[in-house]
Amino acid sequence: MRSLRYLNTVLTLLAVLLTAMLYTQWVHAPVATVAEAQAAGLPDAGAQRQQMVDLLKSLNQKADELNAMFKDGKARIQVQNAKQD
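Residues numbered from 1 in each chain as written. Predicted model: local features only at pLDDT ≥ 70, side-chain atom pairs only at ≥ 80, totals over all residues. Heavy atoms only, no water.

Section: the overall build of the chain
This is how the line gets drawn: For the purposes of this entry, the term helix denotes a DSSP run of H or I that reaches at least four residues, the term strand denotes a run of E that reaches at least two, and both are numbered from the N terminus. All radius of gyration figures rest on C-alpha atoms, and the globule criterion is 2.2 Å times the number of residues raised to 0.38. Throughout, exposure labels follow a simple rule: accessible area from a 1.4 Å probe, protein chains only, divided by the maximum for the residue type, with under 20% read as buried, over 50% as exposed, and the rest as partly exposed. Per-residue accessibility takes into account occlusion by the displayed protein chains alone, with areas from the Shrake-Rupley method and a 1.4 Å probe. Positive charges come from Lys and Arg alone, negative charges from Asp and Glu alone, with His and the N- and C-terminal ends not counted. Here the site of a charge means NZ on Lys, CZ on Arg, CG on Asp, or CD on Glu.
Within the chain, the secondary structure is distributed over three helices and zero strands. Listed by position from the N terminus, the elements making up the chain come as α-α-α. A compact globule built from 85 residues should have a C-alpha radius of gyration of about 12 Å, whereas the chain, at 32 Å, is more than 25% larger. Over its C-alpha atoms, taken along the principal directions, the chain stretches across nearly 90 × 40 × 30 Å. Taken over 85 residues, the chain has a buried fraction of 1%. With an accessible surface of roughly 8700 Å², the chain has 61% of that area assigned to carbon and sulfur atoms. Positive and negative charge centroids in the chain, built from 9 and 7 side chains respectively, lie 11 Å apart.

Points about helix α1 (residues 2-27)
Formally: By definition here, a helix of n residues has an expected span of 1.5 Å times n minus one.
Its 26 residues give α1 an end-to-end C-alpha distance of 38 Å, which sits within 8% of 38 Å, the value for a rise of 1.5 Å per residue. α1 sits mainly on the outside: zero of its 26 residues count as buried.

Remarks on a nonpolar patch on the surface
Quick reminder of the rule: Note on patches: the residues involved have over 30% relative accessible area and no salt bridge, like charges join within 9 Å, and the nonpolar side chains Val, Leu, Ile, Met, Phe, Trp and Tyr join within 5 Å. By salt bridge we mean one thing: a side-chain nitrogen of Lys or Arg within 4 Å of a carboxyl oxygen of Asp or Glu.
A grouping of Met1, Leu4, Leu7, Leu11 and Leu14 is seen on the molecular surface, where their side chains present a nonpolar patch of about 560 Å² in accessible area. Tracing the backbone through its elements, the reader meets Leu14 in helix α1.

Looking at the environment of Asn8
In this structure, Asn8 sits in helix α1. Asn8 sits 23 residues away from Val31 along the chain, and the two C-alpha atoms are 37 Å apart.

Pasting the structure below:
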């Protein structure tokens, strides 16, 4: 019975210390803004994804234009056999 009381006391003490440590880290943690993060050299992931979406839209538009040129007959593909060495 005595060892159970000791174990409960130690576990309670550990829980209190861990809670205090978590609280101090949470309260004193620096809050980095987006401008500070970019100034530190961290990339803006949202802007990168938007740039990728814009480039993909541009590529799709160019592929549609090329496909229309092939359908209209304005562009042709000519296949030639390569010389074998």
